2 protein chains.
Amino acid sequence: MTLKAQFDHTNCSECPIRHRAVCAHCERDELEELESIKYYRSFEAGQTIIWSGDPMNFVGSVVSGIASLTQTMEDGRTQMVGLLLPSDFVGRPGRENAPYDVVATTDLVMCCFRKKPFEDMMVTTPHIAQRLLQMTLDELDAAREWMLVLGRKTAREKIASLLSIIARRDASLHQSGQTGSIIFDLPLTREAMADYLGLTLETVSRQISALKKDKVITLESKRHITIPDMRRLMEEAGDDTDGGFLV
Amino acid sequence: MTLKAQFDHTNCSECPIRHRAVCAHCERDELEELESIKYYRSFEAGQTIIWSGDPMNFVGSVVSGIASLTQTMEDGRTQMVGLLLPSDFVGRPGRENAPYDVVATTDLVMCCFRKKPFEDMMVTTPHIAQRLLQMTLDELDAAREWMLVLGRKTAREKIASLLSIIARRDASLHQSGQTGSIIFDLPLTREAMADYLGLTLETVSRQISALKKDKVITLESKRHITIPDMRRLMEEAGDDTDGGFLV
DNA sequence: GTTTCCATTTGATTTCGGTCAAAGTACCCT
DNA sequence: AGGGTACTTTGACCGAAATCAAATGGAAAC
């Protein structure tokens, strides 16, 4: 592995990336502790990063870009099991990494920590362990939320759930509250959506067309979506309340 | 809430329950720290425990028995999102609990901690936070493993996956290695299996019958199962390797 | 022993989503 | 502009699992 510092710390100055554990802006003190054991590495969109087994003895954290965690069966069936946004971690400190592939959805910069010093640090600086625990609990909730989607929702509800999640995440980024319509770009291909939802890409396409026909969503282009009424979309998703959602 | 100490610490003397955070046997020192803020409570099999929202301001840990975490949609569709075995935790320290119901699969004893002192304790005793993090990471892996099952496996593969998981957990409890056939009692009704697998109970029944007909499993009684060849079962489950599995 | 209740099995039919196939669309590249 | 490629849409058909319905089994209660 060749690892090379490619991240300019000054990028972080207004903290747009919410890099909770290591952000130079909001966590300068911790950053200094970590400095000696971390490396930055960048990946191109579409690249698959094998993050399993012993050789990959690193814990990684997304600095910028989006990646997805995927599991693949030997016959090719794949299931996306998580979305990695800036500040999210991958890799199991304290043991061999789980057999997931990390796929860069966009260009990606990751911050990699060698495991051993990372673990030591968690013990010596309990607030980092504490924060990592909070994040892991969030991810666990998201994963469980998704289990309901995968196990019990119809194709139409699955699509609505995914759009609702992305829309809300976008809305929270843009601070635009609940007012009026929400517009966003889909960062996923139809196939990626299918892998996330446990569907085929044809079904994804059909259900998006159906939601468009029923005026639940509007498509400016294939990837640019408007949601005129968020409440309506959430009904379609079968969500009763505004409970937990993915990241 | 009436909470009452009903757990005899001497039960724990050979540590059959792996009660990692509070076991009187293996973690006596920690137990003493926790003593003042914890309460034991027992539940009957079949009882549903609402563990969400503000009023339930507790973190719970299973002392003995089995419980399941379930999510329910307003139209009654339910999905089991986790199995709680002795030593597992429920409840999100540091925030409102997630909207899951805890259903006692067997008679159950839980150890409940008031959240605030529990959180303080995590900061003051970092090794507990560390251990909780490990357990949460394990659960996250299990949840993600299950996402593949829910999203991409056929009914037959789902059943085989569940049986394989239970069989392996049992085998590890009985220290009986990989040798020969494995016999165990199903702790779940067909309906509970269906809720776990995102199927209907009829499909569960049909697939179990099919596996029986094909000699992958043998049923002594409806709940007593023999697996003559574990490798065969794992093939049926579509598992290529012996990767991670649930709890 | 027999009645009751619940879990389970089995059957008949329907339906949702998958599969296979073809056509349409946008974007990049000389 | 033309042509290639990757992504997306749409159609026709099929099959796995859901749904509806009834029968069977097994254990506790009377």
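Data block above holds the structure.
Hey, could you run me through the overall build of chain A in this one?
Helix and strand content of chain A: seven helices and 11 strands. The long-range fraction of contacts in chain A, counting pairs at least 24 apart against all pairs at least 6 apart in sequence, stands at 70%. When the accessible surface of chain A is summed, it comes to about 10800 Å², and 51% of that surface belongs to carbon and sulfur atoms.

Help me out: how do you make sense of the protein's contact with DNA strand C in this one?
Close to DNA strand C lie 17 residues, the nearest being Ala155, Thr203 and Arg206 of chain A together with Arg190 and Ser205 of chain B. Ala155 of chain A places a polar main-chain atom, nitrogen or oxygen, 2.6 Å from a phosphate oxygen of DNA strand C. Take Thr203 of chain A: an N or O atom from its side chain is 2.4 Å from a phosphate oxygen of DNA strand C. Counting only elements with at least two residues in the surface near DNA strand C, the list comes to helix H6 (201–213) of chain A together with helix H6 (201–213) of chain B. Considering each element in turn, the surface near DNA strand C owes the most residues, five residues, to H6 of chain B.

When you look at the interface of chain B and chain A in this model, what are you seeing that I'm missing?
When the parts of a complex come together, some accessible area is lost, and that lost area is often used as the size of the interface. Contacts between chain B and chain A engage 48 residues on the former and 48 residues on the latter. In total, chain B and chain A occlude about 4600 Å² of area from one another, counting both sides; carbon and sulfur atoms represent 55% of this. Of all residues in chain B, Arg144, Met147 and Arg152 of chain B give up the largest surface area on contact with chain A, accounting jointly for 18% of the area buried on that side. At the junction of chain B with chain A, the criterion picks out eight salt bridges. Its salt-bridge partner being Asp141 of chain A, residue Arg92 of chain B comes within 2.3 Å of it at the nearest N-O pair. Here chain B and chain A share 22 residue pairs in polar contact (both at pLDDT 80 or more) between them. For the side of chain B that touches chain A, the secondary-structure elements that each account for two or more residues are strand S4 (67–72), strand S5 (78–84), helix H2 (115–124), helix H3 (126–152) and helix H5 (190–197) of chain B. By residue number, the principal contributor to the side of chain B that touches chain A is H3 of chain B, which donates 20 residues.

Honestly, the side chain of Gln134 of chain B in this entry has me stumped. Any pointers?
Following the sequence through the fold, Gln134 of chain B ends up in helix H3. Here Gln134 of chain B is in contact with Pro93, Gly94 and Arg95 of chain A, once residues within four sequence places are set aside.

What is the right way to read the sheet that holds strand S9 (residues 182–185) of chain B from this model?
Strand-to-strand pairing in sheets goes through backbone hydrogen bonds, with the strands running parallel or antiparallel. All names here are of chain B. Reading across from one edge, S9-S11-S10 is the order of the three strands in this open sheet, with antiparallel pairing throughout. Each edge of the sheet is formed by a strand with only one pairing partner; in this case those strands are S9 and strand S10 (218–221). Strand-to-strand, the axes of this sheet are offset by a mean angle of 25°, without reference to chain direction. Inspection of the sheet shows S10 paired to strand S11 (residues 224–227) by three bridges, in the antiparallel sense. In the sheet register, Thr218 faces S11, and the bridge partner there is Thr226.

I would appreciate a short explanation of unusual backbone geometry in the present structure.
Excluding glycine, most residues fall at negative phi; most peptide bonds, likewise, are trans. All names here are of chain A. Backbone geometry at Lys215 places phi at a positive 65°, although glycine is not the residue there. Relative to the elements of secondary structure, Lys215 occurs in the loop between H6 and strand S10 (218–219). Using a relative accessible area of 64% as the deciding quantity, one classes Lys215 as exposed.

Quick question: what am I supposed to make of the relation of the copies chain B and chain A here?
The two chain copies are connected by a rotation around an axis plus a translation along it. For the pair chain B and chain A, the relating rotation is 180°, the translation along its axis is 0.0 Å, and the fit reaches an RMSD of 0.1 Å. Overall, the copies show the geometry of a two-fold rotation axis. In this assembly, 100% of the residues forming the interface of chain B have copies in chain A that are likewise at the interface, indicating an isologous arrangement.

I would appreciate a short explanation of the nonpolar core in the present structure.
The nonpolar side chains of soluble globular proteins are, as a tendency, buried together. If you look at the biggest cluster of nonpolar residues, it comprises 112 residues, and the most contacted ones within it are Leu163 of chain A together with Leu163 of chain B. The contacts of Leu163 of chain A, once residues within four sequence positions are left out, are Phe184, Leu186, Met193, Leu211, Ile217, Ile225, Ile227 and Leu233 of chain A. By size, the runner-up hydrophobic cluster in this structure holds 32 residues, among which are Val109, Cys111 and Met122 of chain A together with Leu137 of chain B.

What is the right way to read the pattern of salt bridges from this model?
Two side chains of opposite charge can pair, provided their charged atoms sit close to one another. With the rule as written, the count across this model stands at 20 salt bridges over all chains. Between Lys153 of chain B and Asp239 of chain B there is a salt bridge, and its shortest N-O distance comes to 2.9 Å. Taken together, the residues Lys153 of chain B in the loop between H3 and helix H4 (155–173) and Asp239 of chain B in the segment after helix H7 (230–237) connect sequence positions 86 residues apart. Of the charged contacts in the structure, one is a salt bridge between Arg232 of chain B and Glu236 of chain B, with a shortest N-O distance of 3.4 Å. Taken together, the residues Arg232 of chain B and Glu236 of chain B, both in helix H7 and four residues apart, mark about one turn of the helix. Each of Arg156, Asp214, Arg232 and Glu236 of chain A takes part in one network of salt bridges that share partners.

Reading the values: rules and limits
Residues numbered from 1 in each chain as written. Chains lettered and ligands numbered in written order. Predicted model: local features only at pLDDT ≥ 70, side-chain atom pairs only at ≥ 80, totals over all residues. Heavy atoms only, no water. Helix = DSSP H or I, 4+ residues; strand = E, 2+ residues; numbered from the N terminus. Contact = heavy atoms within 4.5 Å. Areas by Shrake-Rupley, 256 points an atom, 1.4 Å probe, with all protein chains shown as cover. Near = heavy atom within 4 Å. Polar contact = N/O pair within 3.5 Å; in protein donor to acceptor, adjacent residues only side chain to side chain. Buried area = accessible area lost by both parts, 1.4 Å probe. Salt bridge = Lys/Arg side-chain N within 4 Å of Asp/Glu carboxyl O. Pairing = 2+ DSSP bridges. Axes fitted to C-alpha atoms, helices over the stretch in contact; angles between N-to-C directions. Buried < 20%, exposed > 50% of the residue type's maximum accessible area, 1.4 Å probe, protein only. Least-squares fit on C-alpha atoms with pLDDT ≥ 70 in both. Core = buried A, V, L, I, M, F, W, Y, C linked by side-chain atoms within 4.5 Å.

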